[in-house]
Each structure stands twice: as C-alpha cells, then as structure tokens.
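# A look at the structure
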Amino acid sequence: MAENGEERAAAEEVRRHNLPWIEKYRPTKFDEIVGNEETVCRLSVFATQGNAPNIIIAGPPGVGKTTTIQCLARILLGDSFKEAVLELNASNERGIDVVRNKIKMFAQQKVTLPKGRHKIVILDEADSMTEGAQQALRRTMEIYSNTTRFALACNTSEKIIEPIQSRCAMLRFTKLSDAQVLAKIIEVCRREELEYDEDGLEAIVFTAQGDMRQALNNLESTSKGFGKINSVNVFKVCDEPHPMLIQDMLQYCAQNDIHKAYKILVKLWYFGYAAEDIIGNIFRVCKRLTIDENMKLNFIREIGVTHMKIIDGLNSLLQLTSLLARLCQHADA
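Cut-off values and rules
- Residues numbered from 1 in each chain as written.
- Predicted model: local features only at pLDDT ≥ 70, side-chain atom pairs only at ≥ 80, totals over all residues.
- Heavy atoms only, no water.
- UniProt positions renumbered as here; feature names shortened; annotations may be inferred.
- Helix = DSSP H or I, 4+ residues; strand = E, 2+ residues; numbered from the N terminus.
- Buried < 20%, exposed > 50% of the residue type's maximum accessible area, 1.4 Å probe, protein only.
- Pairing = 2+ DSSP bridges.
- Axes fitted to C-alpha atoms, helices over the stretch in contact; angles between N-to-C directions.
- Parallel < 35°, antiparallel > 145°, perpendicular 65-115°, else oblique.
- Left-handed = near helix turned anticlockwise from the far one by under 90°.
- Contact = heavy atoms within 4.5 Å.
- Nonpolar A, V, L, I, M, F, W, Y, C, P; charged D, E, K, R; others polar.
- Expected span 1.5 Å × (residues − 1).
- Polar contact = N/O pair within 3.5 Å; in protein donor to acceptor, adjacent residues only side chain to side chain.

As recorded in an unreviewed UniProt entry, the protein goes by Replication factor C subunit 2 and comes from Glossina fuscipes. Quoted straight from UniProt, the Sequence similarities (unreviewed entry) entry for the protein says "Belongs to the activator 1 small subunits family." On record in UniProt, under Subcellular location (unreviewed entry), the comment for the protein is "Nucleus".

Here's what the structure looks like:
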C-alpha cells in the first residue's frame, strides 16, 4: 500500500511538472490570489458563512476571476468539489441547448452535500452567451435556487441581461498593478530557478499590462525558448514594438525632430507590426516619458485621437506619420 501511495505521489509530481505555468501556479486558496483584495475578502465572507448567493464577477482578462470562483467552490464543497461543480466556458458552449440540457440536467441531479451547501455552476465568459440562452438561464436560476448556485465570470457585465444581473451579487475586478505582477513573477522565477535580470522582468511586466496569465505565459515562453529572462529575449517572444525604440521616437518628437522620429516609425512599420500594436505601445511609453507635463498631456490627446482613427480602419503608415507631425507641432509651440 505504501508503495502505491509513493507511486501516486511521484505520478502527481510528474504531472505538475509538465503543467503549463498558468495551471501549475494557479491559486487554490484565497490568500494565494494576487490583487483585488477587497473583492476577494467579500467572497471569503461568503465562504465562511456557507450560504453564497449567485454571483457575477466582471473584469479584464487574466486577473483571477475564474480562479477566485474555483477557490470559493473548493472551500464551500470540500471533497464534493468534483461531483458538485459544473464548469462551462460559455464562449464555446453558449447556445440555448446547453442551458436546457447540460445545466438543467446538472441542477436536477441529487448530490449529497453538507448542510446549507449548494451545487455550483461556473460559467466562464458568460457575456458570450446568446440572449436566448441567458433568458433560459434566468428561468433555470429561479427553479433550482434551493439546490444550485450560479457563478458567472465575464469581461463586461453590460452584456449580461438585467434579469440575471438583478439575481446576482455583482463583484468587479480591476487590472493588477505592475508591482503585484512583478512580485508574482519574481516568486515563480525563484521557484523555477530561472536566470533573469531586472530589464527582463520589466519587459515581462510591460507586455503583461496587468494580466497575470499573460505575464506567466510570456515568462514560460521566454524561459523555454531562450533560457535567460532579459528584455531582448522577452520582446523576441512577445513580438511587440520595442519600447526603447518607441521612447526614442517620442523623444525626437519632443525635440521637434520629425526626420529622426520618422526613420524609427518606418523601421517599425517594415518590421511588420500592425498600426494598432504600434499606437498601443506609443500610448504606454508616453505615459512614462519624462517630458514637460503640458506637452505630455497634448501628446496623449493626439495619440488618443489617432488610436480612434486606427480602430475605425484608418490604419496606414500615413496616419501614424500624421501623428508624429502633430506631436512635433506641440513640441514647437
């Protein structure tokens, strides 16, 4: 028996070793979750009291919405977690048939649970569900309220119909701060015994933009692709316009040197970067630029106007060149 136990433990260790890092380092307890402390604290109160309401967690990708719901379900259900939880990704399974068949059948199943506990249906990307499916879900939530609780994770709560919103406690998650992402990345680097430098970690944080899942994916890809975590390797993996080039371009604009700024823009353009990638990084770098505050505000306004035009489809090199010309005008004023 002892040998079987050791074999199982060894097999589990191998399985964990081969997991993607986003799964390997996925939190299983509330105190392991990074960021959004107030919202997580509210959920921990639900877990302590045992009678959780239906909930909607809204927020940007990679901030821990689904993970938080899973942690709540583990605390509430304990050993019954596997049989008493139905997890669906509504972006794939979003039609009315899923609600009528899978969800309804699960809600009708009899499962022995501790007193005061309920089965839990976790719907990821719930804002992708069709309106018909949401209307059917509303009715299911009403009928099986004595036995089943629903937890919906979405990016934008506005796409969830009002009748469902009114039946749920609404919780909102925000992007993680750079410091929170950096702390987690350093922890993973130490546990994986990675070789890294400060520029590499800054590059990971820059490319993640508050998305922990993106940060861990970029870290793993860089580690397995190049070994050392430095800025050059990170930007090779992420294939984004390098922020140092963008910074030099904006500095030339601040000095009213359109020719040198344009040379960098053309270089980025012929590297094959999309206009939306370039303008996105221009905005991020501009926020950190050390120039006169009024000039920076004017720069950000012009970048915002150009970004709107690019989103509307005007995504040519001419549009970005026009932006550089306007930035140089503000520097000359």
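### A short note on the environment of G304
Turning to its location among the elements, G304 is positioned in helix 16 (residues 293-311). The exposure class of G304 is partly exposed, given its relative accessible area of 31%. Taking the C-alpha atoms as reference, G304 lies 48 Å from I143; in sequence the two are 161 residues apart.

### With respect to the sheet that holds strand 3 (residues 119-124)
Adjacent strands of a sheet pair through backbone hydrogen bonds, lying either parallel or antiparallel. Here we have five strands laid out as an open sheet, ordered 2-3-4-1-5, and parallel in their pairing. A single partner strand is all that each edge strand has here, and the edge strands are strand 2 (85-89) and strand 5 (169-172). Adjacent strand axes in the sheet meet at a mean angle of 15 degrees, parallel and antiparallel pairs treated alike. Where strand 3 and strand 4 (residues 148-154) come together, five bridges link them in parallel fashion.

### A closer look at the packing of helix 15 (residues 275-288) against helix 16
With their axes 10 Å apart at the nearest point, helix 15 and helix 16 run at an angle of 165 degrees to one another. Relative to helix 16, the element helix 15 is oriented roughly antiparallel. Between helix 15 and helix 16 lies a crossing whose hand is left-handed. Contact residues: helix 15 offers A275, E276, I279, I282, F283, C286, K287 and R288, while helix 16 offers K296, F299, I300, I303, T306, H307, I310 and I311. Within the contact of helix 15 with helix 16, the residues separate by chemical class into 10 nonpolar, two polar and four charged.

### Points about helix 9 (residues 178-192)
With 15 residues, helix 9 extends 21 Å from end C-alpha to end C-alpha; this agrees with the ideal 21 Å at 1.5 Å per step. For helix 9, the secondary structure elements touched by its buried residues are helix 2 (21-24), helix 10 (198-208) and helix 11 (212-226).

### Observations regarding the packing of helix 11 against helix 12 (residues 231-238)
For the pair helix 11 and helix 12, the least separation of the axes is 9 Å and the interaxial angle reads 110 degrees. Here helix 11 lies roughly perpendicular to helix 12, going by the angle between them. Residue-level contacts link N218, S221, T222 and F226 of helix 11 to N233, V234, K236, V237 and C238 of helix 12.

### Observations regarding helix 10
Most of helix 10 is tucked away: eight of the 11 residues are buried. Of all the positions in helix 10, only G200, L201, A203, I204, V205, F206, T207 and A208 are classed as buried. Buried residues in helix 10 make contact with helix 9, helix 11, helix 12, helix 13 (243-254) and helix 15. Once helix 10 finishes, Q209 follows within two positions and takes phi at roughly 55 degrees, a positive value.

### Thoughts on the side chain of T140
Following the sequence through the fold, T140 ends up in helix 7 (residues 131-143). For T140, a relative accessible area of 6% corresponds to the buried category. Within polar-contact distance, the side chain of T140 engages the backbone oxygen of A136 at 3.0 Å. Ignoring anything within four residues of it in the chain, the contact list for T140 reads V99, I103 and F150.

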